[in-house]
Every structure is written in C-alpha cells, then in structure tokens.
Amino acid sequence: MTRCARNFLTIDVEEWFHICGVDGRLAFDRWPSLESRVEYTTDLALDLLARRAIRATFFVLGWIADRHPALVARIVSAGHEVGSHGWAHRRVYELDEASFGEDLARTTAALEAAGAPRPIGYRAPEWSINDRAMWALGVLARRGFRYDSSMTPLRLIGNPRYPRVPHRRETAGGSLIEIPPLTTRRLGQRVPLGGGWGLRMSRPATVAREIAACNQRGEPVTLFVHPWELDPNPPQVDLPWPLRFSHYFRLEGFAERLDAILSSADFGPIGEWALAFEGT
Ligand SMILES: [Zn+2]
C-alpha cells in the first residue's frame, strides 16, 4: 500500500510580473516585452522537489502554458500534477460566469496542448473566489473540476468564516472539494502561514510544528509558493506598499527555508487525495 501524503505543496506557475491590480508598466499588453524568468525559476522548484522526491501540484497559468509548453511537459514528466491557474491572472470576482467559463476552457486547452492531462483542480489568482464570486464554484463543478483551492479563511481577501480545512461544497453545478491554504491564529487574529509573506517570514521549525499539529488532528496542510519567490535575482518593480510587502518581503534565503519545511513532513499532489476524499 502506498503511503497517503498528508500535506500539499502547491506552486502557482506565473511570471514575476503577474501581479493582480497593477497596471502601467506591468499591464497585460506589456507582458510579451518583459523579461521571462518562469522557466528558470520553475526549474529551480522542480530541482528542489526532485532532491526531496516530493510530488506537488503546479497550478499553471494558461498564458504561460501557451508560451512555454515545454515547461508544462517537464512538470508532467517529473510526475507532478498540473492544475489550472486561469488564463491571464485576472481576479475571478472581476469576471462574470460566461467570461470565467471561457477563461477556464482556454486554459484547459493550452494545458492539454502542452501535454498535461485534463486538469481537475483550479487555483484562482489572489484567492479571488470569495463572497463576491461564489458563483464560480458552480462553474468549476459544471466544467468537470473536482476540487478548488481558491478560498482563504482570512479577512479582506477571503472570509474568516470559511472553513480552514479541506471540505466538500455543494454548488449549483455539483459538488466540489475546497482546499484552503494553511493559516494560523496569532494574537486573536487568523493570519496567513501557508504561503506569501506569512510563510517567508516564519522560521521553518515554527511551520513544521504547525503542520505536525494539524496532521495530528487528521488535517492535511496546504502550502503555496510561486516560482518568482525562488529567484535568486528577482527583477524588482516599484509597487504600492501592501503589494511591495507581499511580493518582496524576506525573499532572501526562502529556498533554503522551504527546503527545511519540506524535509519535516509528507507532501503529495492534491488531485489523488481529492479523488480518494470524494469516495469517503
Ligand atoms: Zn497567481
């Protein structure tokens, strides 16, 4: 019997310039002229995982799959799961049902054209399936997605009332499993821990302790990283304050800290776990 992975490492495959809500220099029509670093940085993630013999879930942007099909093929041939991160890194609540459905279909087609199996999992840019976009879950279920990982139990971007552990949700299009990112409580507030600045600023031992505590309660933990967070020499742009913090705070040494966290627990792709969970 194979040991069932208890935790999920997820990687949102996008460029350093895929930042929600930033226009001007980083606007959509400028993307083709900006330096592409996604192959180099995603390969760093693939190397790190290969050294630890860990399989992960890569949520790939359709725009990336279309321009870098060989990268998608490398992810697949290394045994990882490929999920959908949508086409152009637009927040889901800025779309409507029809345009979200088209975005999903276009992304699935690009992933399949690059050699990935049809994705069964979706991750929205910036955790943007929230109270403003609950309709999106029905669209995902109707289009054959079996799980979603786009709702965070945090204020402002999500809602602290959302469950903080994987759970089944009934939607107009059928049932779907929701996989929230790891959060924890600090000073009476729920705070991010599974990715972004919350993960980058934490000591590996602190994260490992939190993962062990969740696993002891039978709860799998979901971490999320971006290839650009592993870039030893990331291009920097002048961003407004909260974005500057969430993108650049404590990037130095992150690859080593992530490696230490990965050595402390069992990790595997979400898809296999979600299909087994569906049957329970
Ligand atoms: Zn993203």
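Summarised in this report is the structure supplied together with it. Here the structure is a predicted model, which is why all the values come from computation and not from measurement. The residue numbering used here restarts from 1 in each chain and proceeds along that chain's sequence as written. Local features in a predicted model are, by the rule used here, given only for residues with pLDDT of at least 70; side-chain atom pairs are given and counted only at 80 or more, and totals for whole chains, interfaces and linings are based on all residues. To get the side-chain values, take all heavy atoms of the structure and skip hydrogens and water.

1. Regarding the packing of aromatic side chains
Definition in use: What counts as a ring pair is set by centres within 6.5 Å for rings of Phe, Tyr and Trp (its six-membered ring), and what kind of pair is set by the plane angle: stacked under 30 degrees, edge-to-face over 60, tilted for all other angles. Secondary structure elements follow DSSP: runs of H or I no shorter than four residues count as helices, runs of E no shorter than two count as strands, and numbering proceeds from the N terminus. Throughout, exposure labels follow a simple rule: accessible area from a 1.4 Å probe, protein chains only, divided by the maximum for the residue type, with under 20% read as buried, over 50% as exposed, and the rest as partly exposed.
A full pass over the atoms with the stated rule returns 12 aromatic pairs. Ring geometry for phenylalanine 100 against tryptophan 135: centres 5.8 Å apart, planes inclined by 80°, an arrangement best described as edge-to-face. Placement of the pair is phenylalanine 100 in helix α4 (residues 97–113) and tryptophan 135 in helix α5 (residues 135–142), with a sequence separation of 35 residues. Among the residues examined, tryptophan 135 registers a relative accessible area of 24% and is labelled partly exposed.

2. Focus on the nonpolar core
Note the following rule: For the purposes of this section, nonpolar cores are sets of buried Ala, Val, Leu, Ile, Met, Phe, Trp, Tyr and Cys residues that join through side-chain atoms within 4.5 Å. Contacts are assigned to residue pairs that have any heavy atoms within 4.5 Å of one another.
Counting residues in hydrophobic clusters, the biggest one holds 55 residues, and the most contacted among them are Leu9, Ile11, Val13, Phe58, Val60 and Ile211. For this core, the leading source of residues is helix α1 (residues 38–52), giving five residues. Those residues in contact with leucine 9 that lie beyond four places of it in its chain are Leu49, Ala56, Thr57, Leu223, Val225, Leu258, Leu262, Phe267 and Gly268. Membership of the second largest hydrophobic core comes to 17 residues, among which are Ile129, Ala133, Ala141 and Leu176.

3. Thoughts on empty space enclosed by the protein
Any empty space left between the atoms is revealed when a probe the size of a water molecule rolls over them. Our working definition: Cavities and pockets were defined on a 1 Å grid built over protein atoms only: a cavity is a set of grid points that admits a 1.4 Å probe from which the probe cannot escape, a pocket is an open set flanked by protein on both sides within 12 Å along at least five of seven lines, and lining residues are those with an atom within 4 Å of any such point. Grid points are joined across faces, edges and corners, and a volume is the space filled by probe spheres set on the points. Following the grouping adopted for this structure description, the nonpolar residues are Ala, Val, Leu, Ile, Met, Phe, Trp, Tyr, Cys and Pro, the charged ones are Asp, Glu, Lys and Arg, and the polar ones are all others, Gly among them.
Within the structure shown, the criterion is met by four cavities of 30 Å³ or more. In this model, the largest cavity occupies a volume close to 70 Å³. If you trace the largest cavity, you find it lined by Arg164, Val165, Pro166, Pro180, Pro181, Leu182, Thr183, Cys214, Glu219, Pro220, Val221 and Thr222. Counted by class, the lining of the largest cavity contains eight nonpolar, two polar and two charged residues. Reported here for the second largest cavity is a volume of approximately 50 Å³. The wall of the second largest cavity is formed by Trp16, Ile19, Trp228, Pro234, Pro235, His247, Tyr248 and Leu251. In terms of residue class, the lining of the second largest cavity is made up of seven nonpolar, one polar and no charged.

4. Some thoughts on the pattern of salt bridges
Under the convention used in this document: Between Lys or Arg on one side and Asp or Glu on the other, a salt bridge is scored when a side-chain nitrogen of the former is within 4 Å of a carboxyl oxygen of the latter.
Here the structure, examined in full by the defined rule, presents 16 salt bridges. Across the pair arginine 91 and glutamate 126 runs a salt bridge whose closest N-O atoms are separated by 2.7 Å. Remark: glutamate 126 occurs in the loop between β4 (121–122) and α5 and arginine 91 occurs in the loop between β3 (81–84) and α4; sequence separation between them is 35 residues. Take arginine 91: its relative accessible area is 15%, and that puts it in the buried class. Note that glutamate 278 is salt-bridged to arginine 146, the shortest N-O span being 2.8 Å.

5. Things to note about the side chain of threonine 42
With respect to the helices and strands, the residue threonine 42 is situated in helix α1. Given the relative accessible area of 0%, threonine 42 is considered buried. Each residue touching threonine 42, except ones within four places of it in the same chain, is listed here: Val13, Phe58, Leu71, Ile75 and Pro227.

6. Notes on the packing of α1 against helix α9 (residues 254–262)
Our working rule: For helices, the fitted line uses only the C-alpha atoms of the stretch in contact; every axis is such a line through C-alpha atoms, and the angle between N-to-C directions lies from 0 to 180 degrees. Angle categories are assigned with fixed cut-offs, so that under 35 degrees is roughly parallel, over 145 is roughly antiparallel, 65 to 115 is roughly perpendicular, and the rest are oblique. Each crossing gets its handedness from the near helix: less than a right angle anticlockwise from the far helix is left-handed, clockwise is right-handed.
Where α1 meets α9, the closest approach of the two axes is 11 Å, and the angle between their N-to-C directions is 30°. As summarised for this structure, α1 and α9 are arranged roughly parallel, according to the angle between their axes. Helix-helix and strand crossings are classified by hand; for α1 and α9 the assignment is right-handed. Where α1 abuts α9, its residues Leu48, Leu49 and Arg52 lie against Ala255, Asp259 and Leu262. Per-class residue counts for the contact of α1 with α9 are four nonpolar, no polar and two charged.

7. Digging into the pairing of strand β10 (residues 222–225)
Filter applied, for reference: Pairing between strands is defined by DSSP: at least two bridges between the two strands are required.
A two-sided burial pattern is seen for β10, the buried positions comprising Thr222 and Phe224 on one face and Leu223 and Val225 on the other. Relative to β10, strand β1 (residues 7–13) is paired through four bridges, and the arrangement is parallel. When the sheet's bridge partners are listed, leucine 9 is paired in β10 with leucine 223.

8. A few points about the side chain of aspartate 103
To be explicit about the condition: Counted as positive: Lys and Arg. Counted as negative: Asp and Glu, with His and the chain ends omitted from the count.
Position of aspartate 103 among the secondary structure elements: in helix α4. Within the buried core, aspartate 103 has no salt-bridge partner, and the shortest N-O distance to an opposite charge, that of arginine 106, equals 6.7 Å. Dropping the residues within four chain positions of it, aspartate 103 is found in contact with Gly86, Trp87 and Ala88.

9. Some details on the packing of α4 against α5
Contact geometry for α4 and α5: axes closest at 10 Å, N-to-C directions at 40°. When the axes of α4 and α5 are compared, the pair comes out oblique. In the packing of α4 onto α5, the handedness of the crossing is right-handed. In contact with Glu97, Phe100, Gly101 and Leu104 of α4, α5 contributes Trp135, Ala136, Val139, Leu140 and Arg142. Partitioned by chemical class, the residues of the contact of α4 with α5 number six nonpolar, one polar and two charged.

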